[in-house]
Amino acid sequence: ELRESQRRNPPLGSHAAAPMEDVVRVHASSGTTGTPSFIGLTAYDASRWSECIARSYWAQGLRPGSVFAMGLSIGFFVGGLPVAAAVEAVGATLLPIGTGASDRLIAAIRATKADVLATTPSYAIYLAELAREEMGLDPAALGIRRVMVGAEPGGGVPAIRAQIEESWGARCTEAIGIADLITIHSAECEARDGCHFMVPDYLIMEIVDPETGAVIPPDRPEIEGELVFTHIDRECNPMLRFRTRDRVIVKTGPCACGRTGPRLRCIGRADDMLILRGVNVWPSAVRDVVAGFHPEATGEMLIRVDGEGPKVDPPLRVRVEAGSAAGEGLAVRIEQAIRARLIVQARVELVPRGVLPRTEMKAKLVERNIS
Ligand SMILES: [Zn+2]
């Protein structure tokens, strides 16, 4: 719908509620379909974003005096300039390094004694691997105390989080957002019991039944459904009941930190879910099982499916990268673990380290063979 609106009325679409001369910046979201959608911000929108994102970084422990190494792509990506502005709004020191120069990022962390690293979960793991294996450095000795991750699922996956924390000798917290709405709408606090919804003055949040669209009332300690948002303070490109396709579990009770708002845990995107003989399988859950085999496996994996899904014929085909210490019968043990935890039959193919593509943006978990 958004892309159609932008095709008819380029560049920002018929939902651009502000004239182009008031738009100070345009971002793009890659989306899942491949056609980018453009996101226009007026000066007011940009300042609201940085204020709202700054709150989320504060909740994650960013303070004046922190040195923030930014390992997020700068360019068009909503995790670039808006994050930079938010870090400056907190009063921390920003190192706007971006991606694409991983060795320089590590060198800058060393030289400036940066204590915060912000990146995607997969890039955090990649950087630690690079420091250790190509630069001869122990990432845990670099002085990073907090790794703040987002932009892809994984930060909330226990085994991936454990791997990041162990590699960097740091505490890992996660934040979540949606490009078309705001870079970050929810972030973890010190208690790490779900991501606090941080922007009730900017977005109205609803949880709906993904099948029927009916609103699920927050009348229980935990509810599950799809996240839907409406902008209430946006000048350009406001969204009305935007279906995020993100499946979440929402905790409605108070948190140990004292904040009282709802807390979210993303369990996957509706588009990614696979169904094997009636069993729902989230690719991120498969990655969680695989990550539990570190260091026998690197943690990188790719599910291969025929067709567009979500229905897939068993066995689930998973390529897994063997790590430095791969023991006997690793593939079979991973298959057994997937069966035990996710109740689906899997066939694991081991491939050598470095074969699966590494990304600096969102890790790809599923490869679809569409004929
Ligand atoms: Zn809290």
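Criteria and thresholds
Numbers given for residues are sequential positions, taken from 1 along each chain in its written order. Given that this is a predicted model, residues contribute local features only at a pLDDT of at least 70 and side-chain atom pairs are listed and counted only at 80 or more, while totals for whole chains, interfaces and linings are drawn from all residues. Where side-chain values are given, they derive from all heavy atoms of the structure, hydrogens and water being excluded. Put simply, DSSP marks the helices as runs of H or I at least four residues long and the strands as runs of E at least two long, and each gets a number from the N terminus on. Here's how the labels work: a residue is buried when its accessible area is under 20% of the maximum for its type, exposed when over 50%, partly exposed in between, all with a 1.4 Å probe on protein chains only. Any two residues having at least one pair of non-hydrogen atoms within 4.5 Å are treated as being in contact. For two strands to be treated as a pair, DSSP must find at least two bridges joining them. Note on method: axes are straight lines fitted to C-alpha atoms, helices fitted across the in-contact stretch only, with angles between N-to-C directions ranging 0 to 180 degrees.

1. Some details on unusual backbone geometry
Between Pro10 and Pro11 the backbone carries a cis peptide bond, its omega angle lying at -5°. The residue Pro11 is located in the loop between helix 1 (2–8) and strand 1 (23–29) in this model. Look at the link from Pro314 to Pro315: it is a cis peptide, with omega at 0°. In this fold, Pro315 is placed in the loop between strand 16 (297–306) and strand 17 (316–322). A positive phi angle, close to 50°, is found at Arg192, a residue other than glycine. Following the sequence through the fold, Arg192 ends up in the loop between strand 8 (182–187) and strand 9 (195–197). Residue Arg192 is classed as partly exposed on the basis of its relative accessible area, which comes to 21%.

2. Thoughts on the environment of Ala140
Structurally, Ala140 can be placed in the loop between helix 5 (121–134) and strand 6 (146–149). Once the C-alpha coordinates of Ala140 and Trp168 are considered, the two residues, 28 residues apart in sequence, prove to be 4.1 Å apart. Apart from the residues lying within four places of it in its own chain, the contact partners of Ala140 are Glu166, Ser167, Trp168 and Gly169.

3. Some words on the sheet that holds strand 16
One open sheet accounts for 4 strands, arranged 18-17-16-19; its pairing is mixed. Lying at the two open borders of the sheet, with one neighbouring strand each, are strand 18 (346–351) and strand 19 (366–369). On average, each strand axis in the sheet is inclined to that of its neighbour by 25°, with strand direction left out of account. Note that strand 16 and strand 17 share 5 bridges and pair antiparallel. Paired with Met301 across the strands is Val320, a residue of strand 17. Relative to strand 16, helix 7 (residues 283–291) is tilted by about 145°, and along the sheet it contacts strand 16, strand 17 and strand 19.

4. Some words on the pairing of strand 8
Within strand 8, 6 of the 6 residues are buried, which leaves it mostly tucked inside the rest of the structure. Where strand 7 (residues 171–178) meets strand 8, 3 bridges bridge the pair, whose relative direction is antiparallel. Bridging across to strand 8, Ile176 finds its partner in Ser186. Counting the residues between successive antiparallel strands, the hairpin from strand 7 to strand 8 contains 3 residues. Direction of pairing for strand 8 relative to strand 9: antiparallel, over a ladder of 2 bridges.

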